[in-house]
Amino acid sequence: MAVKQGEVGRVIRLAAYYDMSNNTELKVIIRKPDGSKLEKTRTSGAVTLGAVNVTDVDLGNLLANQYAQYTVESGVFDIVGRYRLELVYIDSSPSENLYGETVYIDVERNLES
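Because the structure is predicted, anything quoted here is derived from the model rather than measured.

Asks: Tell me about the sheet that holds strand β10 (residues 95-108), and name the residues and values.
Replies: Taken together, the 5 strands give an open sheet; going across it, the order is β1-β10-β9-β3-β4, and neighbouring strands pair in mixed fashion. Bordering the open sheet on either side are β1 (2-4) and β4 (37-41), each of which pairs with just one other strand. Each strand of the sheet is rotated relative to its neighbour by a mean of 30°, with strand direction disregarded. The sheet contact formed by β1 and β10 spans 3 bridges and is parallel. Across the sheet, residue Val-3 finds its bridge partner in β10, namely Val-107.

Here's what the structure looks like:
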C-alpha cells in the first residue's frame, strides 16, 4: 500500500483472522522509517474492532471481529519511507498477547512538499 506524506483520515485495516471480540485492548504499533515507534489503542479511540464483514482491496474478505481499523491521525505519516504496522490483541483473562498481520506502507512525497 502506498500513501502520501501528511495524509490524515485514511482507514487502514489490520487482520488477525481470529475472533477478537473478547479483547481487553487492541493496539496498533507503528514503526516509522527512522526507527521511532508509535502505539495507538482502542482505549484511546484510535483503533476500532471491525464490526461487519468487509472485502478489503489488500487483505481480501474479512469477517466481523477478526480485523481492526486504524484511522490515520495528523503527524503519523510525516516521514517519507516504509512504515510497518502491527496489530496486537490483548486479553487479561486468560492472559494473552496475540499478534495479527503486519502491514507495510510506503509513504511518498506529495506534490505540496
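Asks: Provide a residue-level description of the nonpolar core, including the pertinent values.
Replies: Grouped together as the largest cluster of nonpolar side chains are 22 residues, with contacts concentrated most on Val-28, Tyr-70, Phe-77, Leu-85 and Ile-105. Here this core takes 4 residues from strand β9 (residues 81-92), the largest share from any one element. Discounting residues that sit within four places of it in the chain, Leu-85 has contacts with Ile-12, Leu-14, Val-28, Ile-29, Ile-30, Glu-101, Thr-102, Val-103 and Ile-105. With 5 residues, the next largest nonpolar core counts Ala-15, Leu-59, Leu-62 and Tyr-67 among its residues.

Asks: Provide a residue-level description of the pairing of β10, including the pertinent values.
Replies: As a general feature of sheets, a regular strand has side chains that alternate between the two faces. Two strands pair when backbone bridges link them, and β9 and β10 are joined in this way by 11 bridges, in the antiparallel orientation. Bridging across to β10, Tyr-89 finds its partner in Leu-98. Here β9 folds back onto β10 in antiparallel fashion, the turn holding 2 residues.

Asks: Which residues make up unusual backbone geometry, and what values go with them?
Replies: The phi torsion at Tyr-17 lies on the positive side, around 65°, for a residue other than glycine. With respect to the helices and strands, the residue Tyr-17 is situated in the loop between β2 (11-15) and β3 (25-31). Phi angles above zero are rare outside glycine, and Asn-65 is one such case at about 70°. Counting through the fold element by element, Asn-65 comes out in the loop between β7 (60-62) and β8 (67-71).

Asks: Give me the pattern of salt bridges: which residues, what numbers.
Replies: As enumerated under the stated definition, the model contains 8 salt bridges in all. The partner of Glu-108 in a salt bridge is Lys-4, with the nearest N and O atoms 3.1 Å apart. Of this pair, Glu-108 sits in strand β10 while Lys-4 sits in strand β1; the two residues are 104 residues apart in sequence, bridging distant segments of the chain. Look at Glu-108 and you get partly exposed, because its relative accessible area is 37%. The shortest N-O distance in the salt bridge between Glu-73 and Lys-40 comes to 3.0 Å. In this pair, Glu-73 is assigned in the loop between β8 and β9 and Lys-40 in strand β4, connecting sequence segments 33 residues apart. Note on Glu-73: relative accessible area 30%, which makes it partly exposed.

Asks: Please set out the side chain of Lys-40 residue by residue, giving values where relevant.
Replies: On the basis of relative accessibility, which here comes to 18%, the residue Lys-40 falls in the buried class. A polar atom in the side chain of Lys-40 sits 3.0 Å from the side chain of Glu-73. Sequence-distant contacts of Lys-40, that is, excluding residues within four places in its chain, are made with Leu-26, Lys-27, Val-28, Ile-30, Ala-46, Val-47, Tyr-70, Glu-73 and Val-76.

Definitions and cut-offs
Residues numbered from 1 in each chain as written. Predicted model: local features only at pLDDT ≥ 70, side-chain atom pairs only at ≥ 80, totals over all residues. Heavy atoms only, no water. Pairing = 2+ DSSP bridges. Helix = DSSP H or I, 4+ residues; strand = E, 2+ residues; numbered from the N terminus. Axes fitted to C-alpha atoms, helices over the stretch in contact; angles between N-to-C directions. Core = buried A, V, L, I, M, F, W, Y, C linked by side-chain atoms within 4.5 Å. Buried < 20%, exposed > 50% of the residue type's maximum accessible area, 1.4 Å probe, protein only. Contact = heavy atoms within 4.5 Å. Salt bridge = Lys/Arg side-chain N within 4 Å of Asp/Glu carboxyl O. Polar contact = N/O pair within 3.5 Å; in protein donor to acceptor, adjacent residues only side chain to side chain.

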